[in-house]
Amino acid sequence: MKDVIEIIGEVMDFAGVLVIAVGVLAALVVFGVRYARTREVAGLYMTFRQGVGRAILLGLELLVAADIIRTVAVSPTFGSVGVLAVIVAVRTFLSFSLQVELEGRLPWQRAVPPREPSR
């Protein structure tokens, strides 16, 4: 049973890395196609950055899940749970920081509706 759980953890690790790599590549392709159409970088930069940020956030979630599965199911010692806590804390901080960067506000703040252009 532990072997199966270890394999599941490794597959989830791979999936997390794959999501990040594919997401960054997809954001780069979208950026390139839109740049080829408009030849304008200013508006495209934020879209590219948000695409990369979303890919990293999703990949981090998968990597945290893989760590939890392996640590809790395979070797639930006090030391391994402590290491897991530190890893999860660091990854949660990264996720929180990226979320704030992407949305431009703290999670508990209301989203500001876009203003209509003045006439």
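Our structure is the block above this text.
Treat the numbers as computed from the prediction; the structure is a model and nothing was measured.

### Focus: the packing of aromatic side chains
Within this structure, the stated rule accounts for 2 aromatic pairs. For the ring pair Phe-31 and Tyr-35, a centre distance of 6.4 Å and an interplane angle of 10 degrees mean the geometry is stacked. Residue Phe-31 and its partner Tyr-35 are located together in helix α1 (residues 2-38), separated by 4 residues, close to a single helical turn. Relative accessible area serves as the criterion here: at 31%, Tyr-35 is assigned to the partly exposed category.

### Describing the packing of helix α2 (residues 42-73) against helix α3 (residues 78-103)
It is at 10 Å that the axes of α2 and α3 come closest, and there the two elements cross at 165 degrees. Classed by the angle they form, the pair α2 and α3 counts as roughly antiparallel. Here α2 and α3 pass one another in a crossing that is left-handed. The residue inventory of the contact of α2 with α3, partitioned by class, reads 14 nonpolar, 6 polar and 6 charged.

### Quick notes on the environment of Met-1
Considering the arrangement of structural elements, one finds Met-1 in the segment before α1. Using a relative accessible area of 77% as the deciding quantity, one classes Met-1 as exposed.

Each value, and the rule that gives it
- Residues numbered from 1 in each chain as written.
- Predicted model: local features only at pLDDT ≥ 70, side-chain atom pairs only at ≥ 80, totals over all residues.
- Heavy atoms only, no water.
- Phe/Tyr/Trp six-rings, centres within 6.5 Å; stacked < 30°, edge-to-face > 60°.
- Helix = DSSP H or I, 4+ residues; strand = E, 2+ residues; numbered from the N terminus.
- Buried < 20%, exposed > 50% of the residue type's maximum accessible area, 1.4 Å probe, protein only.
- Axes fitted to C-alpha atoms, helices over the stretch in contact; angles between N-to-C directions.
- Parallel < 35°, antiparallel > 145°, perpendicular 65-115°, else oblique.
- Left-handed = near helix turned anticlockwise from the far one by under 90°.
- Nonpolar A, V, L, I, M, F, W, Y, C, P; charged D, E, K, R; others polar.

Take it as geometry only, folks, not as evidence of what the structure does.
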